Amino acid sequence: MAKKRKEKRENDGLSSTQEEVKASASDSQELKEAQNTEGGSARMSLLILFSIFTCAASVMYLVYRNFPELPDDEMDKIKIPKDMDDAKALGTVLSKYKDTYYSQVLVAYFATYVFLQTFAIPGSIFLSILSGYLYPFPLALFLVCLCSGLGASFCYMLSYLVGRPIVYKYLTERAQKWSQQVEQHRDHLINYIIFLRITPFLPNWFINITSPVINVPLGVFFIGTFLGVAPPSFVAINAGTTLYKLTTAGEAVSWNSLAVLGILAVLSILPVCFQKKLQKKLV
């Protein structure tokens, strides 16, 4: 009897492994077929994406038009920060007016952050640092996590609508490799996405545009992103409280903060490890 049970466990293990291999092979085959059938529409997708970007930029223009009138020297500082000097200058102006024009400053900050995240434009790290200078820590953390989650989800939806041909044409090999990783973590995707958001193993823009292509559910994607960006945002926001002591964005990250991020990354996958061990014992 014991021998039969052992053989049954081995057969079950082989069956589950074969199913995972088949699923990964199926996804890879789908990506290859899609590359052949839809690769030609990449140019049209880029054109549609440009049109959507133009509409979004028009909305951003209206947001800034609603901003209170400022002197010319201060108005020149109202721009997306490219370095820490720009962030300091922007922080000086916004902190001066945020009490008087609280809603306008908050809406402008929110819209700008979501815009940058949606179209994968660099600069959101400076806005994260800036939030720690402008707002109380709990509000700043919630605001950054919400903006990151919404912006990444909008990027996800853009990719779902028009990004597939672009992924199939330019990122096929990388998408295939990540598709195999996703299939291995399909039962605990939220933990996996949290882990990826904390760690630098995959660029955020790549996660955002390939997730709909490899069938990561939008709800899971948003929750994993919202929770996963919290630890790095904690570091950036905390650094923002001493904004004028910083000269580069890299100074916001210390060895202590890196150690904390590493611990949190390990904690995010511990439930998965325990679950797998428990399943092995139950088989």
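Just above, that's the structure.
The structure reproduced in this document is the subject of the present report. On a predicted model such as this, the values are computed, not experimentally measured, just so you know. (Residues numbered from 1 in each chain as written. Predicted model: local features only at pLDDT ≥ 70, side-chain atom pairs only at ≥ 80, totals over all residues. Heavy atoms only, no water.)

### Comments concerning the overall build of the protein
In terms of helices and strands, the protein carries 13 helices and 0 strands. Expressed as a percentage of the 283 residues in the protein, the buried residues total 42%. The contacts of the protein with a sequence gap of at least 6 include a subset with a gap of at least 24, amounting to 80%. On the protein, roughly 16,100 Å² of surface is accessible, and the fraction owed to carbon and sulfur atoms is 62%. (Helix = DSSP H or I, 4+ residues; strand = E, 2+ residues; numbered from the N terminus. Buried < 20%, exposed > 50% of the residue type's maximum accessible area, 1.4 Å probe, protein only. Contact = heavy atoms within 4.5 Å. Areas by Shrake-Rupley, 256 points an atom, 1.4 Å probe, with all protein chains shown as cover.)

### Let's talk about helix α12 (residues 230-240)
Counting buried residues along α12, 8 of its 11 residues qualify, which places the element largely inside the surrounding structure. Every buried residue of α12 is listed here: Ala230, Pro231, Ser233, Val235, Ala236, Ile237, Ala239 and Gly240.

### Observations concerning the packing of helix α11 (residues 218-228) against α12
Contact geometry of α11 with α12 gives a least axis separation of 5 Å together with a crossing angle of 35°. For the pair α11 and α12, contact is made by Phe226, Leu227 and Gly228 and by Ala230, Pro231 and Pro232, respectively. Of the residues that constitute the contact of α11 with α12, the class distribution is 5 nonpolar, 1 polar and no charged. (Axes fitted to C-alpha atoms, helices over the stretch in contact; angles between N-to-C directions. Nonpolar A, V, L, I, M, F, W, Y, C, P; charged D, E, K, R; others polar.)

### Digging into the environment of Ser211
Along the chain, Ser211 falls in the loop between α10 (204-210) and α11. According to the relative accessible area criterion, Ser211 is buried, its value standing at 0%. The sequence separation of Ser211 and Ser153 amounts to 58 residues, and the corresponding C-alpha distance is 10.0 Å. Excluding its chain neighbours within four sequence positions, the residues that come into contact with Ser211 are Tyr156, Trp178, Val216 and Phe221.

### As for unusual backbone geometry
Unlike most non-glycine residues, Ala120 shows phi in positive territory, near 55°. Relative to the elements of secondary structure, Ala120 occurs in the loop between α5 (102-118) and α6 (124-134). At Asn215, a position not held by glycine, the phi torsion is positive, near 65°. Within the secondary structure, Asn215 is located in the loop between α10 and α11.

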